[in-house]
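# A look at the structure
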Amino acid sequence: MVKHSNKKSAMHPRNVLRTAPDYTKLAIKHRDFRQVCELELNGRVSLNFRNERTLRELTKMLLLEYFGLHVEFAPGSLVPTLALRLNYILWLEDLLAPLKLDAVHGIDIGCGSSCIYSLLAAKKNQWHMLALESKQTNIEYARENVKRNNLEHLVEVYAQPDKNNIFKSYFETASRLPKEGFHFCLCNPPFFDSNAENPFGGNTRNPQRRPAPNNVRTGSAEELTCAGGEVQFVQRIVEESELHQERVLIFTSMLGVKANVPKILDYLQKRQISNVSTTEFHQGHTTRWAVAWSFQQLSLKVDAALSSPDLYRT
Amino acid sequence: MEVENNNNTIVPENKKEHFAYKRSASVEIEDNAEKIKRLKQNGLETSSAAQGADPHVTEGTNKKLAAQRPPAQSPKKRIQLDNKNVAGLDKKPKHNKHETFMFGNYRHYYGKRILDKDFHDIRLDVLATQPELFRGKQLLDIGCNSGHLSLEIAKKFEVKSLVGLDIDRFLTHEAQMAVNLLKRASNVSAANAAGRFPYNVKFVHGNYVLADDVLLEIERPQYDIILCLSVTKWIHLNFCDAGLKQAFRRMYLQLRPGGKLILEPQSFDTYKRRKKLTDNIRENYNAIHFKPEQFTAYLLSPEVGFASMELMGMPEHCKAGFKRPIQIFSKV
């Protein structure tokens with residue numbers, strides 16, 4: 001039998017969740033989180049991750065415990081997993097480190113009801129974030145979350161009037177843009193194709209090599225699917241990036257399916273965008289990928305010493 | 001010279017001293033004919049192949065000796081005598097001599113021989129007065145030590161399942177090994193015997209007292225019967241009034257409606273000789289305000305919530321120190 005390698009050790013070295021949290025101590029400390037825990041005979045606490053309420057309370061608790069962030073999620077909306085979000089932010093930190101910037105400005109494409117990327121970036125690194133979101137309930141929750149955490153001076157939630165545009169509406173109508181432009185954009189696109197017969201059906205995992213994720217799917221159809229899935233979504237980001245080459249230094253997006261990575265790389269090559277790099281995010285049984293591209297001369301290769309040793313493993 | 005001889009072989013004259021040396025206990029009592037006869041009598045009674053009296057002892061002598069015989073006692077104070085654990089031994093078993101068993105986690109508490117078909121803890125007699133309490137039920141045994149009594153209860157009363165918990169990892173391991181041995185010996189595949197002894201018994205290592213009282217909020221009913229036999233003293237000395245009270249509350253919360261707690265608490269006067277075990281225990285001993293006499297009232301109070309208490313019985317035929325009442329607390 002092929003040994004399952006637990007990729008937890010391949011989490012970013014600075015990821016605070018690299019060592020598993022002591023859930024028993026955390027259950028004693030946090031009342032709401034305690035309610036979704038199960039008490040074992042030996043006094044330790046365990047979690048059933050295949051339950052939406054558990055995942056929601058877990059992320060809420062971890063955000064509070066490790067970042068002091070009080071976050072509420074719209075019912076039925078996607079519950080983000082903290083380890084993955086952190087891995088993405090840490091990768092961005094590594095990309096930006098050589099630039100030695102005083103103030104960082106970033107764009108969060110599709111921030112969701114939690115606005116988690118922007119909140120983390122602002123709270124942890126004091127980055128200025130522009131959070132773009134098109135769904136009305138999510139916009140309201142996101143603004144509440146920013147306000148509740150006193151981060152209005154760092155995070156702006158912008159209501160996208162048109163779902164089909166990424167940057168267009170904002171860049172054409174915004175009264176004030178940062179002088180130095182934006183240093184990066186990040187995106188967690190809807191992975192699945194709403195036009196496909198069975199959007200969630202394609203199982204690209206080989207169960208012998210990689211075990212199923214120990215969780216349950218959360219999120220509305222709108223958050224999880226779009227026409228053409230993540231490939232088309234990211235292609236749109238690429239197209240719009242060409243129209244705004246000087247506005248954003250590093251364009252990035254996450255991809256949920258490994259097979260889509262070469263598709264995007266091919267697309268970038270076709271558009272003759274040459275400054276490109278990729279990375280992997282490992283957390284538990286789940287791996288995600290990300291692509292970065294830029295029209296400027298800076299290096300998109302992360303210093304190996306800073307990041308996970310497995311980063312560029314083929 | 002009659003030397004105790006388990007084999008019933010005739011010892012040749014020139015070998016008698018040789019045998020005596022090997023069984024040093026026999027050497028000490030070889031001059032006491034009465035004692036020898038009594039030991040043989042015990043040997044006769046406890047060995048399963050006891051057929052007919054010892055040729056050297058008449059029937060009349062047997063009856064007289066039986067009446068004179070002191071109550072069964074041994075280093076393992078509740079199991080009946082066998083030949084080897086003789087009152088004549090003036091040395092305690094060395095394995096317990098130098099160690100601090102601060103949780104009452106004694107090695108060889110139930111004797112050295114595992115899975116002994118002669119094993120009989122006298123508390124079983126009390127428990128056997130109400131066998132319907134256990135049949136087909138899910139049991140938890142708190143502080144099960146090496147699991148001997150737990151296994152006996154599970155088998156004898158045909159329980160649905162039994163989980164034994166002990167704070168000592170070594171003892172838990174021993175108990176689990178005994179289960180594994182029974183499984184191998186049973187010649188039945190695990191699939192076929194899934195709900196049956198010994199496949200319905202498991203042992204867990206851990207501390208019954210929780211790190212914090214708030215965890216009681218998420219405790220759930222999961223057992224029909226909880227056994228807590230001769231454990232309260234150890235919880236009390238190691239985890240104080242607060243720890244013991246929490247344990248009582250946890251027991252109630254873990255019981256299903258209609259469930260029962262079978263409690264055998266030690267009396268306070270037995271705590272004193274243990275107070276020197278560790279500094280922590282001494283401090284805890286001095287801080288105790290919640291005395292065993294108050295246990296019943298506390299268990300029946302709203303803070304815990306048991307509806308009633310019934311005295312199940314008290315073991316007979318044992319040393320006074322082990323004559324502890326066994327109580328049943330019922331949850332509505």
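Residues numbered from 1 in each chain as written. Chains lettered and ligands numbered in written order. Predicted model: local features only at pLDDT ≥ 70, side-chain atom pairs only at ≥ 80, totals over all residues. Heavy atoms only, no water.

Across its full length, chain B holds ten helices and seven strands. A fraction of 72% describes how many contacts in chain B between residues 6 or more apart in sequence connect residues 24 or more apart. Surface summary for chain B: the accessible area is close to 17600 Å², and the carbon and sulfur share equals 51%. (Helix = DSSP H or I, 4+ residues; strand = E, 2+ residues; numbered from the N terminus. Contact = heavy atoms within 4.5 Å. Areas by Shrake-Rupley, 256 points an atom, 1.4 Å probe, with all protein chains shown as cover.)

This brings us to the packing of helix α9 (residues 229–243) of chain A against helix α10 (residues 260–270) of chain A. Residues and elements named next belong to chain A. Where α9 contacts α10, the axes come no closer than 10 Å and their chain directions differ by 25 degrees. Classed by the angle they form, the pair α9 and α10 counts as roughly parallel. α10 is crossed by α9, and the crossing has right-handed handedness. Taken together, the residues of α10 that come into contact with α9 (itself represented by Glu-230, Val-231, Val-234, Gln-235, Val-238 and Glu-239) are Asn-260, Lys-263, Ile-264, Tyr-267 and Leu-268. The residue makeup of the contact of α9 with α10, split by class, is six nonpolar, two polar and three charged. (Axes fitted to C-alpha atoms, helices over the stretch in contact; angles between N-to-C directions. Parallel < 35°, antiparallel > 145°, perpendicular 65-115°, else oblique. Left-handed = near helix turned anticlockwise from the far one by under 90°. Nonpolar A, V, L, I, M, F, W, Y, C, P; charged D, E, K, R; others polar.)

Listed as interface residues are 20 residues of chain B and, on the opposing side, 14 residues of chain A. Summing the contributions of chain B and of chain A, the shared interface buries around 1200 Å²; its carbon and sulfur component is 66%. Its largest share of buried area at the contact with chain A, chain B owes to B:Leu215, B:Glu217 and B:Ile218, together 41% of the area lost on that side. Between the two partners, chain B and chain A, sit one salt bridge. Between B:Glu217 and A:Arg34 there is a salt bridge, with its nearest N and O atoms 2.7 Å apart. Here chain B and chain A share four residue pairs in polar contact (both at pLDDT 80 or more) between them. Among the elements of the structure, β2 (161–166), β3 (201–205) and α8 (232–254) of chain B are those that each provide at least two residues to the side of chain B that touches chain A. Looking at side-chain class alone, the side of chain B that touches chain A contains eleven nonpolar, four polar and five charged residues. (Buried area = accessible area lost by both parts, 1.4 Å probe. Salt bridge = Lys/Arg side-chain N within 4 Å of Asp/Glu carboxyl O. Polar contact = N/O pair within 3.5 Å; in protein donor to acceptor, adjacent residues only side chain to side chain.)

Moving on, we get to helix α6 (residues 136–148) of chain A. Note that an α-helix has 3.6 residues per turn; residues three or four places apart therefore point the same way. All names here are of chain A. A rise of 1.5 Å per residue sets the reference length of α6, with its 13 residues, at 18 Å; its end C-alpha atoms lie 18 Å apart and thus fit the reference within 8%. Regarding α6, the residues found buried are Asn-138, Ile-139, Ala-142, Asn-145 and Val-146. Down the axis of α6, the sector holding all buried residues measures 130 degrees, keeping them to one side. Contact partners of the buried residues in α6: α5 (116–125), β4 (128–133), β5 (155–159) and α8 (221–224). Once α6 ends, the next one or two residues include Asn-150, with phi positive near 55 degrees. (Expected span 1.5 Å × (residues − 1). Buried < 20%, exposed > 50% of the residue type's maximum accessible area, 1.4 Å probe, protein only. Arc of directions from axis to C-beta.)

Residues and elements named next belong to chain A. Tallied over the full model, the rule gives 30 aromatic pairs over all chains. Seen in terms of ring centroids, Tyr-88 and Trp-91 are 6.0 Å apart; in terms of plane orientation they differ by 45 degrees. Their pairing is tilted. Pair noted here: Tyr-88 and Trp-91 are both in helix α4 (residues 82–96), with a separation of three residues, about one helical turn. Judged by relative accessible area, Tyr-88 falls into the buried class, the value being 0%. (Phe/Tyr/Trp six-rings, centres within 6.5 Å; stacked < 30°, edge-to-face > 60°.)

Right, let's talk about the confidence of the model for chain A for a bit. All names here are of chain A. Looking at chain A, the pLDDT average stands at 89 and 92% of residues meet or exceed 70. Considering only residues more than four positions removed or in separate chains, one finds that residues 1–5, a stretch of pLDDT under 50, has six contacts. Within the model, pLDDT remains below 50 along residues 308–314, and this stretch shows twelve contacts once partners closer than five positions in the same chain are excluded. (pLDDT = per-residue confidence, 0-100.)

All names here are of chain A. Core analysis: the largest hydrophobic core is formed by 62 residues, its most contacted members being Phe-33, Leu-82, Cys-115, Trp-127 and Phe-184. Take this core: its biggest share by element is ten residues, from α4. Not counting chain neighbours up to four residues away, the residues in contact with Phe-184 comprise Leu-92, Leu-96, Val-104, His-105, Gly-106, Ile-107, Trp-127, Met-129, Val-248 and Ile-250. (Core = buried A, V, L, I, M, F, W, Y, C linked by side-chain atoms within 4.5 Å.)

It is worth spelling out the sheet that holds strand β5 (residues 255–264) of chain B at this point. All names here are of chain B. Taking strand neighbours across the sheet as the criterion, the seven strands line up as β3-β2-β1-β4-β5-β7-β6 in an open arrangement whose pairing is mixed. Here the strands that pair on one side only, and so sit at the sheet edges, are β3 and β6 (308–313). Averaged over all adjacent pairs, the angle separating strand axes in this sheet is 20 degrees, with direction ignored. Bridge analysis of β5 against strand β7 (residues 326–330) gives four bridges, and the strand direction is antiparallel. Paired with Ile-262 across the bridge in β7 is Ile-328. Helix-sheet contacts for helix α6 (residues 148–156) involve β1 (138–142), β2, β3 and β4 (223–229), and the interaxial angle to β3 is about 155 degrees. (Pairing = 2+ DSSP bridges.)

Going through the model one piece at a time under the given rule, you end up with 20 salt bridges over all chains. Where B:Arg282 meets B:Asp279, a salt bridge forms, and the shortest distance between an N and an O atom there is 2.9 Å. Taken together, the residues span about one helical turn, with B:Arg282 and B:Asp279 both in helix α9 (residues 279–286) at a distance of three residues. Its relative accessible area of 36% is what places B:Arg282 among the partly exposed residues. Among the residues examined, B:Asp279 registers a relative accessible area of 53% and is labelled exposed. Taken together, the shared-partner salt bridges in this structure form one network comprising A:Arg14, A:Glu93, A:Asp94 and A:Lys124.

Moving on, we come to the sheet that holds β5(A). Residues and elements named next belong to chain A. The strand order β5-β4-β3-β6-β9-β11-β10 describes an open sheet built from seven strands, whose pairing is mixed. Edge strands, defined here as strands with exactly one partner in the open sheet, are β5 and β10 (275–283). Averaged over all adjacent pairs, the angle separating strand axes in this sheet is 20 degrees, with direction ignored. Bridging between strand β6 (residues 182–187) and strand β9 (residues 248–255) involves three bridges; their strand directions are parallel.

So, on to the UniProt feature "binding site: S-adenosyl-L-methionine" (unreviewed entry) in chain A. Residue and element names in this part refer to chain A. UniProt's feature table lists "binding site: S-adenosyl-L-methionine" (unreviewed entry) at Arg-85, Gly-110, Glu-133 and Asn-188, given in the numbering used throughout. Secondary-structure assignment places Arg-85 in helix α4. For Arg-85, the residues in contact, after removing those within four places along its chain, are Leu-78, Pro-80, Ile-116, Tyr-117, Leu-120 and Asn-188. By secondary structure assignment, the location of Gly-110 is in the loop between β3 (105–109) and α5. Aside from chain neighbours lying at most four places away, what touches Gly-110 is Leu-132 and Glu-133. (UniProt positions renumbered as here; feature names shortened; annotations may be inferred.)

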